[in-house]
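# Descriptive analysis of the structure
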Amino acid sequence: MGGISIWQLLIIAVIVILLFGTKKLRNIGGDLGSAVKGFKKAINDDESAKKDADASKDADFEPKNIEQQKSAETSETKKDKEQA
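Conventions adopted
- Residues numbered from 1 in each chain as written.
- Predicted model: local features only at pLDDT ≥ 70, side-chain atom pairs only at ≥ 80, totals over all residues.
- Heavy atoms only, no water.
- Helix = DSSP H or I, 4+ residues; strand = E, 2+ residues; numbered from the N terminus.
- Buried < 20%, exposed > 50% of the residue type's maximum accessible area, 1.4 Å probe, protein only.
- Areas by Shrake-Rupley, 256 points an atom, 1.4 Å probe, with all protein chains shown as cover.
- Patch = residues over 30% accessible without salt bridge, like charges linked within 9 Å, V, L, I, M, F, W, Y side chains within 5 Å.
- Salt bridge = Lys/Arg side-chain N within 4 Å of Asp/Glu carboxyl O.
- UniProt positions renumbered as here; feature names shortened; annotations may be inferred.
- pLDDT = per-residue confidence, 0-100.

### Here we look at the overall build of the protein
Check the secondary structure of the protein and you find three helices and zero strands. Along its sequence from the N terminus, the protein presents helices and strands in the succession α-α-α. Expressed as a percentage of its 84 residues, the buried residues of the protein come to 0%. Accessible surface, the protein: about 8400 Å² in total, of which carbon and sulfur atoms supply 60%.

### Side note on a nonpolar patch on the surface
A contiguous nonpolar patch, built from Ile-4, Ile-6, Trp-7, Leu-9, Leu-10, Ile-11, Ile-12, Ile-15, Val-16, Leu-19 and Phe-20 and spanning about 1200 Å² of accessible area, is present on the exposed surface. In this structure, Leu-19 sits in helix α1 (residues 6-20).

### Digging into the UniProt feature "transmembrane region" (unreviewed entry) in the protein
Residues given the UniProt feature "transmembrane region" (unreviewed entry) here are residues 6-22. Overall, residues 6-22 shows 94% helix and 0% strand. The separation of its end C-alpha atoms is 21 Å.

### A few points about the confidence of the model for the protein
The share of residues in the protein with pLDDT of 70 or more is 61%, and the mean pLDDT across the chain is 79. Averaged pLDDT values for the elements of the protein fall to 65 in helix α3 (residues 66-83) and rise to 92 in α1.

And the structure:
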């Protein structure tokens with residue numbers, strides 16, 4: 001009750017084939033398949049790019065430049081001399 005039987009599906013399929021033709025349905029199926037493949041490839045490429053970006057980070061901090069470290073050390077020593 002309320003379900004679609006196999007006979008009803010076959011009748012619908014025959015009507016669709018008669019309306020569109022097998023060649024057009026084959027082209028639509030091929031286009032749909034290539035669109036799904038392209039979508040899956042784009043998703044996989046995006047996920048692999050995220051994994052590569054995460055793998056390249058080895059710590060939670062940004063490395064400092066040598067010049068930045070020297071200027072930080074000199075400012076710390078100046079503060080120490082002022083306090084003393």
